[in-house]
Structure formats: structure tokens, C-alpha cells
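Listed below, chain by chain, are the residues.
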Amino acid sequence: MPTLNLPFETWESTRAWLLGPPLRIVLILVGALLLRWLVNRAIRTVVTNAVARADQHERTAGDRATEASSERRRQRALTMGSLLRSIATFVIASVAILTVMAELGLPLGPLLTSAGIGGIALGFGAQSLVKDFLSGIMMIIEDQYGVGDVIDTGEAIGTVEEVTLRVTRLRDATGVVWFIRNGEIVRIGNRSQGWAQATIDIQVAYDESPERVIGLLEEVVTGVHQDPMLAEKLLERPTVAGVESVTGGTMTIRIFAKCRPGEQFAVPRVVRERAKAAFDAAGVRGPAFPFGDPQI
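- For the chain, an unreviewed UniProt entry supplies the name Mechanosensitive ion channel family protein and the organism Ornithinimicrobium pratense.
- Check the Sequence similarities (unreviewed entry) section of the UniProt entry for the chain; it says "Belongs to the MscS (TC 1.A.23) family."

Structure follows, in C-alpha cells:
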């Protein structure tokens, strides 16, 4: 016949058990969720401040700032924030799961050993994938290139359309889309960062006066630099370097123009057009032909 104190003893033992592992498991899960929320909030704050600093930098930079560079910094900060949140979530979840398993009394030694062996096997089998991801992370951290940049990867030259942790997608001048694994990119030539320099060679007849031709070109580059439509494309006034070469019946005058990235192709066209107009007005002759004037 059951004793009267059995329910009391059962309740006491049940309460003791509830206040043991179940309560600790609940506290572990709640703590993990709280820690994840705090970490994600901190990451969002850092990303927001980074974006704000980038926008402030663009505003204080004045006319040297471009909308593309501002968007690039913003996208880079958001990408890094997403990557950090994913890493933080994975680490916190892994620690929480292992702690809960320890509270339940499950043997962690064999599990960790099996996971380690499986991780080594997976690492050998997917080392190229790991290499791609690590290279992608380093490219994003170091800001080697971004969407809209014109880059030379060695395999292809084109405009970047998308950057992920595994592949980079770019489109070349003929419209072909290239998908290049990040781990296979050995070197990167970025033609869109900072500034670009255009080298412009103007050819005139051999017997023209260098001082006269250089003086005309100085007036041309000054007019180009003062043109409001072209001022945004130039970082400084173009420089007339002087006589570059004298070959046969041709004298070549070289001009250097420091431009914004991507404008090193348009500015030389304008300089050549205005130089041609100035030469025609001043009577400066073009290069001499060895067999007389060309037939048109």
C-alpha cells in the first residue's frame, strides 16, 4: 500500500529535476538567442556607422566624389556585415548545441572525433571550394574590386557585374559574360580605382616649330580643363610634356591627362578634336607623307 508521502516525494524529485538540466538547457538557449541578438545588433551598428562615414566622406570630398564610389563602399560594408552575422550565428549555434548535448549527458568525445574526421575528409574533397571562399573573403575585406569596376584577371578583362564569396562575374567588351572562381584569380589589375592617366600623342609635320605647336596645345588643354562639361572628368589640368619623338616626316607631341577612372578614353578624343581645330586655324601642317599628299 503506497505511503502518504509518495506524492510529496515525487513532486520534490520532479521539481529538483526540472530545476536541473531542463532549466539549464532553457537558459542556454535563451542566452544563445540573446547573445546572437546582441552580436547582430553590434554588427549592424558598425555597418551603419561605416556606411555613414562613407557617405560623409563622399560629401566632404566635394566634386571629387562620385555616386558609384559611394555605392561601392556601401555595398562592401553591407556584404561584410552579412558575412560577420553568418559567422557569428554559426559559432553561437554550434557552442549552444554542444552545451545542450553535454547537459543531456550525451557523449561528446565520439561525436567530436567523428566530426573531426568528417571535417578532414570534407576539407580534402572540397579544398578548391574552401580556397574560393577564403579568396572571396579576402577580396571583400581588402576591397580589391567591386561591382562596376573594370578589371583584368589574367583570364578576361571586363566590367564586374557581381561579386560573391565563390565566383566573380564580369562582362568583357564583346558582351561575353565570364564566371571566374575567386580561388583561381592569381592577380587583379583594377582600372577603376583611384585615377587613370591618358597618354595623348599629337603628330605634326617635322619642320613645324615645337615652341609654336606646344603653345597651341597649352591653350587647348587649358580650354579643355576650364570646360564645365569636361571638368568633372579631369582631376587636374592636362600637361603638355613636349616633343616625344621625331621620326621621318613626323614630330610627335605628348600630352598627359589625369582623369577619373573610365574617362581616360573619352578625354583624349576631345583633346585631339580641339587640337585639330586649333592647328587648322593656325595653319599648322600635319605629318608629311613620303610619297606626297594622300589621295582622298
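Moving on, there is more to tell.
Concerning the overall build of the chain
Next up, step 1: Each helix and strand in the chain was counted, giving eight helices and eight strands.
Next up, step 2: Of all 296 residues assigned to the chain, the portion counted as buried reaches 27%.
Next up, step 3: Long-range pairs, those at least 24 residues apart, make up 63% of the contacts in the chain between residues at least 6 apart in sequence.
Next up, step 4: Counting only carbon and sulfur atoms, one obtains 63% of the accessible surface of the chain, whose full area is about 18900 Å².

Regarding the sheet that holds strand β8 (residues 250-259)
Next up, step 1: With antiparallel pairing, three strands are arranged side by side in an open sheet as β6-β8-β7. The open sheet has two free edges, formed respectively by β6 (196-205) and β7 (239-247), since each of these has just one partner strand. Adjacent strand axes in the sheet meet at a mean angle of 25°, parallel and antiparallel pairs treated alike.
Next up, step 2: Of the strands in this sheet, β6 and β8 are in contact with helix α8 (residues 266-282), which crosses β6 at around 25°.

A word on the pattern of salt bridges
Where side chains of opposite charge bring their charged atoms close, a pairing between them can arise.
Next up, step 1: Within the structure shown, the criterion is met by 14 salt bridges.
Next up, step 2: The residue Arg171 makes a salt bridge to Glu161 at a minimum N-O spacing of 2.6 Å. Taken together, the residues span a long stretch of sequence, with Arg171 in strand β3 (residues 167-171) and Glu161 in strand β2 (residues 157-163) at a distance of ten residues.
Next up, step 3: A salt bridge links Asp227 to Arg274; the nearest nitrogen and oxygen atoms lie 2.6 Å apart. Taken together, the residues Asp227 in the loop between α6 (210-226) and α7 (228-231) and Arg274 in helix α8 connect sequence positions 47 residues apart.
Next up, step 4: Judged by relative accessible area, which is 16%, Asp227 ranks as buried.
Next up, step 5: Salt bridges sharing common partners tie together Glu161, Glu162, Arg169 and Arg171.

Details of α6
Next up, step 1: With 17 residues, α6 extends 24 Å between its outermost C-alpha atoms, agreeing within 8% with the 24 Å of an ideal straight helix rising 1.5 Å per residue.
Next up, step 2: All buried positions along α6 are accounted for by Val213, Leu216, Leu217, Val220, Val221 and Val224. In a view along the axis of α6, the buried residues occupy a sector of 135°, so they form one face of it. Seen from the open side of α6, the exposed residues pointing more than 90 degrees away from its buried face are Glu211, Glu219 and Gln226.
Next up, step 3: The elements touched by buried residues of α6 are β6, α7, β7, β8 and α8.

Focus on the nonpolar core
Next up, step 1: Within the largest apolar cluster, 24 residues are counted, with the highest numbers of intra-cluster contacts made by Ile202, Val213, Leu217, Ile255, Ala257 and Phe279.
Next up, step 2: Within the residue set of this core, elements represented by two or more residues are β6, α6, β8 and α8.
Next up, step 3: Per-element tally for this core: the top contributor is α6, with six residues.
Next up, step 4: Ignoring any residue separated from it by four or fewer positions in sequence, one finds Leu217 in contact with Ile202, Val240, Ile253, Ile255, Ala275 and Phe279.

Considerations on helix α5 (residues 127-142)
Next up, step 1: For α5, spanning 16 residues, the distance from its first C-alpha to its last is 22 Å, which sits close to the expected 22 Å at 1.5 Å a residue.
Next up, step 2: Along α5, the residues classified as buried are Asp132, Gly136, Met139 and Ile140. Angularly, the buried residues of α5 cover 95° about the axis, an arc narrow enough to put them on a single face. Opposite the packed face of α5, turned more than 90 degrees from it, sit the exposed residues Gln127 and Leu134.

Rules and cut-offs
Residues numbered from 1 in each chain as written. Predicted model: local features only at pLDDT ≥ 70, side-chain atom pairs only at ≥ 80, totals over all residues. Heavy atoms only, no water. UniProt positions renumbered as here; feature names shortened; annotations may be inferred. Helix = DSSP H or I, 4+ residues; strand = E, 2+ residues; numbered from the N terminus. Buried < 20%, exposed > 50% of the residue type's maximum accessible area, 1.4 Å probe, protein only. Contact = heavy atoms within 4.5 Å. Areas by Shrake-Rupley, 256 points an atom, 1.4 Å probe, with all protein chains shown as cover. Pairing = 2+ DSSP bridges. Axes fitted to C-alpha atoms, helices over the stretch in contact; angles between N-to-C directions. Salt bridge = Lys/Arg side-chain N within 4 Å of Asp/Glu carboxyl O. Expected span 1.5 Å × (residues − 1). Arc of directions from axis to C-beta. Core = buried A, V, L, I, M, F, W, Y, C linked by side-chain atoms within 4.5 Å.

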